[in-house]
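# Understanding the architecture of this molecule
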Amino acid sequence: MPALLKADTPEQVAQLALQHAQALFGCHVVRLVWDLGIAANGQPLRHTYPNTPPNTAEVALIDAALEAGDEIRASVSETSVSRLASVLGDARAGSQAVLLTDWPAIGGDSWDGEAWHEFLSLVAERIGDVLELAYACLAVERLEKAARLQSALYAIADLASSALDMSEMLRRLHAVVGKLMYAENFLIALYNAERDTLRFIYFVDAKDLNLVPSDEDIPAESFHNSLTLAVIRHGCPAWGPSRQLYRDFGLEWEEVYGPNSADWLGVPMAAEGQVCGAVVVQSYDQAGCYSEEDRDLLVFVAQHILTALLRKQAHAELERRVDERTRELTAEVHERKRGEKLQAALYAIADLASGELAMNEMLQRIHSVVDELMYARNFFIALYSTQRDTIRFIYFADEKDPGMYDPDAEIPAEQMRGSFTLGLIRHGRPVKGPARFVAELLAVPGGIGRGSPAEDFLGVPMVVDGEVRGAVVVQSYDETVRYTDEDSALLSYVAQHIQTAMARKQAQAELDRRVQDRTRELASAVSELRAQIGERERIEQQLMHEALHDSLTGLPNRSFLLDALSRAVSRTQRDPQHLFAVLFLDLDRFKVVNDSVGHLVGDEMLKLSGQRIGACVRKPDVVARLGGDEFALLLEDIHGPEDAYHAAQRVLDALSEPMRLAGKELYPSASIGIAFSDQRYLSAEELLRDADVAMYRAKAHGRHRFEVFDEHLHKEALRLLDLEGELRNGLARSEFEPYFQTIVRLSDAHVVGWEALLRWRHPERGLLRPADFLAVAEESGIAGQIDWQIFEKTCLEIPRLVSRGGYVTINVSAQHFRSPDLAQKLLDLLAAHQVAAHSVRIEMTEGALFENADQVRTTLEVLRQAGVMAALDDFGTGYSSLSYLHRFPMQVLKIDRSFVTDLDSDHKGGSTAVVRAVIALAATLGMEVVAEGIETSTQRGRLLELGCELGQGFLFAHPQTAAGLAALH
């Protein structure tokens, strides 16, 4: 039957097997049945050839044969035909099939049982090979799907931290989702619960062309009948044809919401228990294009999209604040410069008005000063004589009408009736605006004044004792130049000084003495004012320095450091490549110095320490004293962590040199904590806090050293000092003991084993769980001793527990696997207590496999050869990858309680998919599966439906001592 050997699909094998069976043996072939894949309910998918569904009798016969694992014969009702169900393959190999055949007679002379079973063996071997290949293809498909999801999540995270603008980021997010499922029509809506508004930040739809502005908040009431708002209001996914969903939600379809979809899928986005928006995909022409798996996947991806959006919005908000502050500072700088310039100009005008220059020279210089402050190319000064009713233009500069007036000629007012100048003098108040406006305001005949009409005009009267004595005018022929109220105020000030100068010049002869006295007074006042300004600037600089520097050491203080740190943090937010480090330094045993030799010597020690620290860093770096004996260093633009390490070591070496103070030789030292820049830091205080925590870690490890901040330091700092002594005392008093939790068969709660759990019977705090003390024990180095104490006590109890069968698992932490003789020590311990190796299993976490993979593999191989099986604990919460499972001799996978807890929900979400995947993975690798943390009957039922056979949890038993377990039986 060479054709059968060439068949490479189950259907081809089935077709050829049926043909050969009928041709070779004369039987009537009914069908071939095999299992391949997993259905939505977690049960194997049953396939049949031919593709017609089997009847009830056939199903019963197939199930009976599979359960018996052998051939079963049954009579076909109302006929003399015998139906034979032949099992092909081994159930443990996962490649079983059943061949149903009808025989007129079995056992007669024509029946060749040996040939028939040889034929079945050949078919079983081929169907087994084909099914194994099909299973491998399914596994590859699942792995490829997981890889695509992981790649998509990485892409979303990269987009969230990229410098792309929001629209481009969302467009690329759309592309990422489109690689995971059908997403041609895709939208993201954000919901503001406080304002009850929606914002459609991204909207792409092939048929719905009613574009909604992405930057506009729309009242939710405007979308009261939309499916998107319904998903947000209900806080749960919705999936199916849009017409059906409208009915399910009790909504009425409206045309404004776009055309109906053949298939619609929307999931909410939630943060901290509050729905923040929704993600929607839909298809207009593909009914049923979305599956339950797509729904779960979109729920998962939606949360990552929300995280990306929140991160992007936070980054944008930070940049907005930085830009806003930059603009404010720029405006302040501009205003300050303008004020300084204005002040200098006013001083210059005052000096000119009180100087001894000739009138024409003085006026020319005043013109130059005014021209620096405003547009004053066209500038003139006119004096008015009330006695003679005449006007004299003592200064006149004009681009279009040069030399229009003689500065020495007095012009009768009657001749100036058509001029703006006379109108301004009669008006007696400042005037500005275009020529026609000014002419109308001043009631000038002709409407344009004399000379060329100006595009803009500004004139102010010179008033003395309530009488108008003249006018000062600037004007522009450029339509882009317009004068402001500030220009008017400035020109009024100039006019007053010009009037003062005129009065002084006119009365110079008879008032020379008084003018000189006044001049001296003015000079003195100006000098005093300048001195006051200089003193004020000096005091301001001193106050600024004192506000930002330490009075004892002269180093920058905490405020200065926090300001510099804030700038560094902002720069890192904009440029992740920018690296810097913060060193928090505390002098060791400084209080001893103060208490022994006095505070004055202590102050000198602080000043000298500050000098030594400053000599260890580069010029751009900041060395600050935070108070007491605490210092901090900001190392800018480092190339890597090594730069900070070298700087810290230089500081430690410099401070370790002896100090000769007050006749005594002091030997100071310091402890240093280091925190490196990271985009997760949003404020300077966070960095300084973490460096401080690392510094205390350095002190705890012996002082005169530096430590780098990591996430475990908070917990260590709070618990290490209090618990370490108690742990050592507890170890000496043998206060640690094992508690045992049963491992049962889920179908009938039969006990198959026990897990030994660590407990500490604290003399004051009662019974403590590992979470209360294990981290401190590991950090202080005594966790290993505690474990061996537990192993010893567990071995004492194992013979009593397993007297009627079963096994006991012990938890072995990662640090034990660093020892090459772990396996031998465990085996020696079992031998010393006469414990059979097959009655003991060891549990480890995924992290233990990676610290020293080769050593772990060797240890597990030795234990397996001796009969000790290995279990992988908390599977699904860590790496959860096939890339390492097959490399280690593991026999058991334990599903983490977090996934079991979620099975209580009526909604089958991501946990169901994870548990199903773990069980399928274990089945593929030939491993047992134990579910942890089972607390309800619902969880137990779900696990049984998914194919999980073993479990443990409070539903069956709470952890007990061995004596307590014995009392129960």
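Scope of this entry: the structure provided in the associated data block. Note that the coordinates shown come from a computational prediction; the quantities given were computed from them, not determined experimentally. (Residues numbered from 1 in each chain as written. Predicted model: local features only at pLDDT ≥ 70, side-chain atom pairs only at ≥ 80, totals over all residues. Heavy atoms only, no water.)

Attention now moves to the nonpolar core. Core analysis: the biggest nonpolar cluster contains 58 residues, and Phe-817, Ile-842, Met-844, Leu-860 and Leu-943 have the highest contact counts within it. In terms of residues, this core owes the most to one element, helix 22 (residues 822–832), which gives six residues. For Phe-817, the residues in contact, after removing those within four places along its chain, are Val-812, Leu-822, Ile-842, Met-844, Ala-848, Gln-855, Val-856, Thr-859 and Leu-860. (Core = buried A, V, L, I, M, F, W, Y, C linked by side-chain atoms within 4.5 Å. Buried < 20%, exposed > 50% of the residue type's maximum accessible area, 1.4 Å probe, protein only. Helix = DSSP H or I, 4+ residues; strand = E, 2+ residues; numbered from the N terminus. Contact = heavy atoms within 4.5 Å.)

A word on the side chain of Asp-296. Here Asp-296 lies in helix 8 (residues 292–354). Reaching out from Asp-296, the side chain makes a polar contact with the side chain of Arg-295 at a distance of 3.4 Å. (Polar contact = N/O pair within 3.5 Å; in protein donor to acceptor, adjacent residues only side chain to side chain.)

The next subject is the sheet that holds strand 23 (residues 670–676). In spatial order, the strands read 19-20-18-23-24; together these five strands make up an open sheet with mixed pairing. Unpaired on one side and paired on the other, strand 19 (622–627) and strand 24 (706–708) mark the two borders of the sheet. Averaged over all neighbouring strand pairs, the angle between strand axes comes to 20°, with direction disregarded. Taken together, the five bridges between strand 19 and strand 20 (residues 630–635) define a ladder with antiparallel strand orientation. Across the sheet, the residue bridging to Gly-627 is Glu-630, located in strand 20. Sheet strands touched by helix 16 (residues 599–614): strand 18 (581–587), strand 19 and strand 20. Its angle to strand 20, the strand with the most contacts, is close to 15°. (Pairing = 2+ DSSP bridges. Axes fitted to C-alpha atoms, helices over the stretch in contact; angles between N-to-C directions.)

Within a regular strand, side chains alternate between the sheet's two faces. The element strand 13 (residues 390–397) is extensively covered by neighbouring structure, given that seven of its eight residues are classed as buried. Adjacent in sequence and paired antiparallel, strand 12 (residues 378–385) and strand 13 are bridged by four residues, among which Asp-389 carries a positive phi angle near 55°. Bridging between strand 13 and strand 14 (residues 411–412) involves two bridges; their strand directions are antiparallel. Pairing of Thr-390 across the sheet is with Pro-412, part of strand 14.

Before going further, it helps to examine the side chain of Glu-707. Here Glu-707 is to be found in strand 24. Given the relative accessible area of 12%, Glu-707 is considered buried.

Before going further, it helps to spend a moment on the pattern of salt bridges. Enumeration according to the criterion identifies 47 salt bridges in this entry. A salt bridge links Lys-607 to Glu-604, with the nearest nitrogen and oxygen atoms 2.9 Å apart. With Lys-607 and Glu-604 both in helix 16, this residue pair falls three residues apart, about one helical turn. For Lys-607, a relative accessible area of 27% corresponds to the partly exposed category. What makes Glu-604 partly exposed here is its relative accessible area of 38%. Of the charged contacts in the structure, one is a salt bridge between Arg-733 and Glu-735, with a shortest N-O distance of 2.6 Å. Members of the salt-bridge network, linked through shared partners, are Arg-31, Glu-58, Arg-83 and Asp-102. (Salt bridge = Lys/Arg side-chain N within 4 Å of Asp/Glu carboxyl O.)

The next thing to look at is the packing of helix 6 (residues 227–234) against helix 7 (residues 242–249). Packed helix pairs are characterised by how far apart their axes lie and by the angle those axes make with each other. Where helix 6 meets helix 7, the axes come as close as 11 Å, and the angle between the chain directions of the two elements is 45°. On the basis of their axis angle, the class for helix 6 and helix 7 is oblique. Taken as a pair, helix 6 and helix 7 cross one another with a handedness that is left-handed. Contacts from Leu-227, Ala-230 and His-234 of helix 6 reach helix 7 at Ser-242, Leu-245, Tyr-246 and Phe-249. By residue class, the composition of the contact of helix 6 with helix 7 is five nonpolar, two polar and no charged. (Parallel < 35°, antiparallel > 145°, perpendicular 65-115°, else oblique. Left-handed = near helix turned anticlockwise from the far one by under 90°. Nonpolar A, V, L, I, M, F, W, Y, C, P; charged D, E, K, R; others polar.)

What follows concerns the environment of Pro-959. You can see Pro-959 is positioned in the loop between strand 33 (950–951) and helix 29 (962–968). A C-alpha to C-alpha distance of 118 Å links Pro-959 and Arg-388, two positions 571 residues apart in sequence. With residues up to four places along the chain from it excluded, the contact list for Pro-959 reads Tyr-739, Phe-740, Gln-741, Leu-757, Arg-759 and Phe-954.

Once that is clear, we can look at unusual backbone geometry. Omega for the peptide link from Tyr-49 to Pro-50 comes to 0°, which places this bond in the cis form. Locating Pro-50 in the fold gives a position in the loop between strand 2 (44–49) and helix 3 (56–68). Positive phi, close to 55°, is recorded for Asp-389, a residue that is not glycine. Mapped onto the secondary structure, Asp-389 falls in the loop between strand 12 and strand 13. For Arg-703, which is not a glycine, the phi torsion comes out positive at approximately 65°. Note that Arg-703 resides in the loop between helix 18 (684–700) and strand 24. Given a relative accessible area of 33%, Arg-703 falls into the partly exposed group.

Right, let's get into helix 9 (residues 359–373). Across its 15 residues, helix 9 extends 21 Å between first and last C-alpha, which sits within 8% of the 21 Å expected from 1.5 Å per residue. Taken as a whole, helix 9 has its buried residues at Met-362, Leu-363, Ile-366, His-367, Val-369 and Val-370. Considered in projection along helix 9, the buried side chains sweep an arc of 165° and stay on one side of the axis. (Expected span 1.5 Å × (residues − 1). Arc of directions from axis to C-beta.)

In this section: the environment of Arg-745. As for its placement among the helices and strands, Arg-745 is situated in strand 25 (residues 736–745). Residues Arg-745 and Gln-834, 89 residues apart in the sequence, show an inter-C-alpha distance of 27 Å. Apart from residues lying up to four places away in sequence, Arg-745 is in contact with His-750, Val-752, Glu-949 and Leu-950. Here the side chain of Arg-745 touches Asp-748 through a polar contact of 2.8 Å, side chain to side chain.

Now for the sheet that holds strand 11 (residues 274–283). The strand order across the open sheet formed by six strands is 8-7-6-11-10-9, and the pairing between neighbours is antiparallel. Of all strands in the sheet, those bounded by a partner on one side alone are strand 8 (218–219) and strand 9 (238–240). When strand 7 (residues 197–204) meets strand 8, the two strands line up antiparallel, connected through two bridges. Bridging from a neighbouring strand, Thr-197 pairs with Pro-219 of strand 8. Seen against the sheet, helix 5 (residues 166–178) touches strand 6 (185–192) and strand 7 and runs at an angle of roughly 65° to strand 7.

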